[in-house]
Amino acid sequence: MAAKTQPTATAASSARPSRPAGSRNLPWASLVVLAALGFTAVTTELLPSGLLPQISQDLHVQESTVGSLTAGYAGVIVVTALPLSKFLGARVPRKQLLVGVVFLFALSNVLLAASPVLALAVAARLLGGIAHGLLWSTMAPYVAKIVPADSMGRAMAVVFSGNSIAMAAGAPLGTLLGGIMSWRASFLVLAGVAAVLGALAILLLPAISLSATSARPSIRLAIRQPGVVTVATAWPLLLFAHFALFTYIALFVRAEALPDAATSLSLSVIGVAGLLGIWAAGITADRFPRRSLIVTIAAIAVAFAAMPLFSGTWGGLITLTAVWGAGIGAVGIYNQAAILRAGGEQGEAANGLSVVTIQLGIALGAAYGAISLGVAGAQFVPLAAAIPAAAALVMTVAGRRHAYPPGRAEGGRL
């Protein structure tokens, strides 16, 4: 995934190596490479779920056991993201760290494709999880140093489009390739993509020396920054809600008496709508971040609450999943900007904290969805998902002063 998006002008501009703070020119080639890195990471995270039957049969283990490839991947992110990003972030220049991370993805996928037994496959996935945590701990603060502060929203929208493209196309295409050839071929192709991206990163990403980093990352200092804890809680709550329903969308569609094809359509709609949400966030995140985020979270909560009532038809299902997908795509941009801004000089550490809390939110969201499924049934899982979404909305509204302050074009009391 998953798994699985504005610093203060002073902090960001002091670290920016070559661009004047007022410039609106973006380093497009670098941003596209970073978006492709995100695409590779999320496709790597999601692909085992689509190839689970083939992996199970080839490695001669039960399908439930193959789930350890996903669980281990997420678990190692939680354990390693903060200490490794703190240790390496103080010693390795950001460009070199990103290049190393993408080649680690390539190695992980090659080893996975070559694994004869599950234990080695899990070990390969642990390497991928380490790379994943380092990538998302490093990439957003790196972007904050290579683009003007007043263009942060647009830059993050470009970079994080890779996530939605991976959900809409990367994982489905990888699954299709695995069905046509083999699951091992899918991961080898993904490894090849990562290797090519590593070469492009060497050529196209601008270098940032360690001296350009404003402060050594400190989680303790980051937590003390007003607003950091709020953002690092509200953002994961939204992903908690998202994965509570996303994990069991097939069962919900079946409970609504729609054909199984509606599940594939719903997943595609969520991914494509996510791209539209990212585009909208890129337009509004620099000028209207607070109002836009509040409206977006409210729309997600309403869509969840309305699904048991109106998703029994194709039109209702497509409409509500489109609102859901667009919203979940947009909130990543707004919250990524918010965590860097709230962290200030400790933006990198604050971002690393959010990486960990997001992974916890994803894992716990799936478990929460399972509990809701057992207690209320598949049809009412969306209602359960609406509860943490509403809680995130309350925190966002309450965080006006530090966590989610108004943008430069916003006024009023909202």
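It should be emphasised that the depicted structure is a prediction, and the values quoted were computed from it without experimental measurement.

Chemist: So what about the overall build of the chain? Which residues, and what values?
Modeler: Counting secondary structure elements, the chain contains 17 helices and 0 strands. Against the globule reference of 22 Å for 414 residues, the chain gives a C-alpha radius of gyration of 20 Å, in line with a compact fold. By residue count, 56% of the 414 residues in the chain fall in the buried class. A total accessible area of about 15600 Å² is found for the chain, and carbon and sulfur atoms account for 71% of it. Between the mean site of the 24 positive side-chain charges and the mean site of the 10 negative ones, the chain shows a separation of 13 Å.

Chemist: So what's going on with the pattern of salt bridges? Residues and values would help.
Modeler: Applying the stated rule across the entire model yields 1 salt bridge. Among the ionic pairs, aspartate 58 bridges to arginine 184, the shortest N-O distance being 2.9 Å. Placement of the pair is aspartate 58 in helix H3 (residues 52-59) and arginine 184 in helix H9 (residues 183-204), with a sequence separation of 126 residues. Accessibility expressed as a relative area gives 21% for arginine 184, which makes it partly exposed.

Chemist: Residue-level account of the packing of helix H2 (residues 28-50) against helix H6 (residues 94-114), with values.
Modeler: Axis separation between H2 and H6 bottoms out at 11 Å; the angle between their running directions is 30°. When the axes of H2 and H6 are compared, the pair comes out roughly parallel. Here H2 runs over H6; the crossing is left-handed. Across the interface between the two elements, Leu34, Leu37, Ala41 and Thr44 of H2 pack against Leu98, Val102, Phe105 and Asn109 of H6. Residues belonging to the contact of H2 with H6 are distributed by class as follows: 6 nonpolar, 2 polar and no charged.

Chemist: Can you explain unusual backbone geometry? Please cite residues and give values.
Modeler: You will see that histidine 60, though not glycine, has its phi angle at about 60°, which is positive. Among the residues examined, histidine 60 registers a relative accessible area of 72% and is labelled exposed. Notably, alanine 257 is not glycine yet its phi reads approximately 65°, a positive angle. For alanine 257, the position within the fold is in the loop between helix H12 (249-255) and helix H13 (261-284). On the basis of relative accessibility, which here comes to 68%, the residue alanine 257 falls in the exposed class.

Chemist: How would you sum up the packing of aromatic side chains? Please name residues and give values.
Modeler: For the structure shown, the criterion picks out 5 aromatic pairs. Ring plane angle 70° and centroid distance 5.8 Å describe the contact between phenylalanine 243 and phenylalanine 246, whose orientation is recorded as edge-to-face. With a gap of 3 residues between them, phenylalanine 243 and phenylalanine 246 both fall in helix H11 (residues 228-246), about one helical turn apart. On the basis of relative accessible area, phenylalanine 243 is assigned to the buried category, the value being 9%. With relative accessibility at 18%, the residue phenylalanine 246 sits in the buried group. Relative to tryptophan 324, the ring of phenylalanine 304 has its centre 5.4 Å away and its plane inclined at 70°; by these criteria the two rings are edge-to-face. With phenylalanine 304 in helix H14 (residues 289-310) and tryptophan 324 in helix H15 (residues 314-343), the pair connects residues that are 20 residues apart, well separated along the chain. Across the pair, tryptophan 324 and phenylalanine 304 agree in class, each one buried.

Chemist: Before we move on, could you go through a nonpolar patch on the surface and cite the residues and values that matter?
Modeler: A grouping of Leu173, Leu176, Ile180 and Met181 is seen on the molecular surface, where their side chains present a nonpolar patch of about 460 Å² in accessible area. If you trace the backbone, leucine 176 turns up in helix H8 (residues 152-180).

Chemist: Break down the nonpolar core for me, with residues and values.
Modeler: Formed by 98 residues in total, the largest nonpolar core has its most connected members in Leu34, Leu135, Val143, Phe304 and Trp324. Taken domain by domain, the makeup of this core includes at least three residues from each of domain 1 (28-204) and domain 2 (221-399). Apart from the residues lying within four places of it in its own chain, the contact partners of tryptophan 324 are His242, Leu245, Phe246, Ile249, Ile270, Ile300, Phe304 and Met307. Listed in part, the 14 residues of the second largest apolar core include Leu47, Leu51, Ala121 and Trp183.

Chemist: Please give an account of the packing of H11 against H15 that cites residues and values.
Modeler: Viewed as axis vectors pointing N to C, H11 and H15 meet at an angle of 160°, and their least axial separation amounts to 9 Å. The orientation of H11 with respect to H15, classified from their angle, is roughly antiparallel. Both H11 and H15 take part in a crossing whose hand is left-handed. Two secondary-structure elements touch here, H11 through Val228, Val231, Ala232, Trp235, Leu238, Leu239, His242, Leu245 and Phe246 and H15 through Trp324, Ile328, Val331, Gly332, Asn335, Gln336, Ala338, Ile339, Ala342 and Gly343. Its residues assigned to classes, the contact of H11 with H15 shows 14 nonpolar, 5 polar and no charged.

Chemist: So what's going on with helix H16 (residues 347-376)? Residues and values would help.
Modeler: Over its 30 residues, H16 extends 41 Å from the first C-alpha to the last, a length consistent with the 44 Å expected when each residue adds 1.5 Å. Immediately beyond the C-terminal end of H16, within one or two residues, lies glycine 377, with a positive phi of roughly 95°.

Calculation criteria
Residues numbered from 1 in each chain as written. Predicted model: local features only at pLDDT ≥ 70, side-chain atom pairs only at ≥ 80, totals over all residues. Heavy atoms only, no water. Helix = DSSP H or I, 4+ residues; strand = E, 2+ residues; numbered from the N terminus. Rg over C-alpha atoms; globule rule 2.2 N^0.38 Å. Buried < 20%, exposed > 50% of the residue type's maximum accessible area, 1.4 Å probe, protein only. Areas by Shrake-Rupley, 256 points an atom, 1.4 Å probe, with all protein chains shown as cover. Lys, Arg positive; Asp, Glu negative; His and termini not counted. Charge placed at Lys NZ, Arg CZ, Asp CG, Glu CD. Salt bridge = Lys/Arg side-chain N within 4 Å of Asp/Glu carboxyl O. Axes fitted to C-alpha atoms, helices over the stretch in contact; angles between N-to-C directions. Parallel < 35°, antiparallel > 145°, perpendicular 65-115°, else oblique. Left-handed = near helix turned anticlockwise from the far one by under 90°. Contact = heavy atoms within 4.5 Å. Nonpolar A, V, L, I, M, F, W, Y, C, P; charged D, E, K, R; others polar. Phe/Tyr/Trp six-rings, centres within 6.5 Å; stacked < 30°, edge-to-face > 60°. Patch = residues over 30% accessible without salt bridge, like charges linked within 9 Å, V, L, I, M, F, W, Y side chains within 5 Å. Core = buried A, V, L, I, M, F, W, Y, C linked by side-chain atoms within 4.5 Å. Domains from an automatic or database assignment. Expected span 1.5 Å × (residues − 1).

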